[in-house]
Amino acid sequence: MIRPILRHGDDILHQPAAPVQEITPEIQLLIDDMIETMYAAPGIGLAAPQVGVGLRIFVADVSGGHDPADLLTFINPEFVERDGTQREDEGCLSVPGFNAAVTRSSRAVVKGLGRDGREHVVEATGLLARCFEHEMDHLDGTLFVDRLHGLQKDLIVRKIRKLSRAGKW
Ligand code: NI
């Protein structure tokens with residue numbers, strides 16, 4: 001089932017998510033819905049807080065559904081290693097219509113549980129490393145807009161407030 005994606009300004013997106021205590025059928029259903037919602041959007045990553053659930057889960061597929069092997073699910077993920085930097089334009093399904101360059105690690109190794117409850121470790125570079133950091137940020141209540149500074153950040157936040165006031169957000 002496709003779930004509605006919350007937008008910047010919704011409280012749950014701006015607070016840290018809690019660890020998953022047990023992988024119940026409800027959690028597995030949530031993951032299935034997150035995958036469906038990510039593909040439908042379409043997006044390359046989605047974190048549970050974006051569908052209103054304050055738990056440390058994200059899904060990612062940098063192939064956008066073209067390669068089943070690229071679909072990743074992480075429950076209670078942690079960074080194992082990060083190094084290097086890359087700076088590319090970034091967007092977010094919770095901040096539709098806005099893009100900005102964000103500096104991220106060029107390599108990131110993440111470990112966590114999969115949908116089946118088994119631990120897996122994935123080493124990522126390039127776009128996937130960026131995606132990992134973006135989704136991990138979501139689990140800490142941080143959106144890419146929060147990583148911007150000065151005028152650039154003010155401009156986006158002001159436009160979002162304006163859209164919000166007009167009932168268009
Ligand atoms: Ni996002």
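For the structure itself, look to the data block above.
Keep in mind that this is a model prediction, so the values were computed, not measured.

This part covers unusual backbone geometry. Cis peptide bonds are those with omega within 30 degrees of zero, and the linkage from Ala 41 to Pro 42 qualifies with -10°. One can find Pro 42 in the loop between α1 (25-40) and β1 (45-47). Even without a glycine there, the phi angle at Asn 76 is positive, about 50°. Within the element layout of this structure, Asn 76 appears in strand β3 (residues 72-83). Residue classification places Asn 76 among the partly exposed residues on the basis of a relative accessible area of 24%.

Together, Arg 158, Lys 159, Arg 161, Lys 162 and Arg 165 make up a positively charged patch on the protein surface. Topologically, Arg 158 is positioned in helix α3 (residues 150-165). Taking relative accessible area as the criterion, Arg 158 reaches 48% and is therefore assigned partly exposed.

The protein atoms that coordinate the nickel ion are Cys 92 (SG), His 134 (NE2) and His 138 (NE2), at distances of 2.1 to 2.2 Å. Of note, the donors binding the nickel ion are all from one chain and are spaced C-x41-H-x3-H. Of this pair, His 134 and His 138 both sit in helix α2 (residues 126-139), four residues apart, roughly one helical turn. Using a relative accessible area of 6% as the deciding quantity, one classes His 134 as buried.

Here we take up the sheet that holds strand β6 (residues 107-113). One open sheet holds the five strands; their spatial order is β1-β2-β3-β6-β7, and the pairing between them is antiparallel. Either end of the sheet is taken by a strand with one partner, and the two such strands are β1 and β7 (119-125). Averaged over all adjacent pairs, the angle separating strand axes in this sheet is 35°, with direction ignored. One ladder, built from seven bridges, connects β6 with β7; its direction is antiparallel. Each residue of the ladder has a partner; that of Val 109, found in β7, is Glu 123. Here α1 sits on the sheet in contact with β1, β2 (57-60) and β3, set at roughly 40° to β2. Sitting on the sheet, α2 is in contact with β1, β2, β3, β6 and β7, with an inclination near 110° to β3.

A few words on the pairing of β3. The side chains of a regular strand alternate between the sheet's two faces. In this sheet, β3 lies alongside β2 in antiparallel orientation, the contact comprising four bridges. Counted as the bridge partner of Val 59 is Thr 73 from β3. Examined bridge by bridge, β3 and β6 share six bridges and lie antiparallel to one another. Across the sheet, residue Ile 75 finds its bridge partner in β6, namely Leu 113.

Definitions and limits used
- For every chain, the first residue of its written sequence is number 1, and the numbers climb from 1 along that sequence.
- Totals for whole chains, interfaces and linings use all residues, but because this is a predicted model, local features are given only for residues with pLDDT of at least 70 and pairs of side-chain atoms are given and counted only at 80 or more.
- Only hydrogens and water are set aside; all other atoms, that is, all heavy atoms of the structure, feed into the side-chain values.
- Helix and strand labels come from DSSP, where a helix needs a run of H or I of at least four residues and a strand needs a run of E of at least two; each type is numbered from the N terminus.
- Think of it in three bands: residues with accessible area under 20% of the maximum for their type are buried, residues over 50% are exposed, and the middle band is partly exposed, with areas taken using a 1.4 Å probe on protein chains only.
- Only residues above 30% relative accessible area that lack a salt bridge enter a patch, with like-charged residues linked at up to 9 Å and the nonpolar side chains Val, Leu, Ile, Met, Phe, Trp and Tyr linked at up to 5 Å.
- Areas reported here follow the Shrake-Rupley algorithm with a probe of radius 1.4 Å; residue values treat only the protein chains shown as occluding.
- Each reported salt bridge corresponds to a side-chain nitrogen of Lys or Arg within 4 Å of a carboxyl oxygen of Asp or Glu.
- A residue counts as positive if it is Lys or Arg and as negative if it is Asp or Glu; His and the chain ends are not included.
- Every charge is mapped onto a representative atom, which is NZ of Lys, CZ of Arg, CG of Asp or CD of Glu.
- Here the coordinating atoms are restricted to nitrogen, oxygen and sulfur within 2.8 Å of the metal centre, or 3.2 Å for Na, K and Ca, and because water is not among them the sites may look incomplete.
- Any two strands are treated as partners once DSSP identifies two or more bridges connecting them.
- Note on geometry: axes are lines fitted to C-alpha atoms, helical ones only across the stretch in contact, with angles between N-to-C directions running from 0 to 180 degrees.
- Residues are treated as being in contact if the distance between any of their heavy atoms lies within 4.5 Å.

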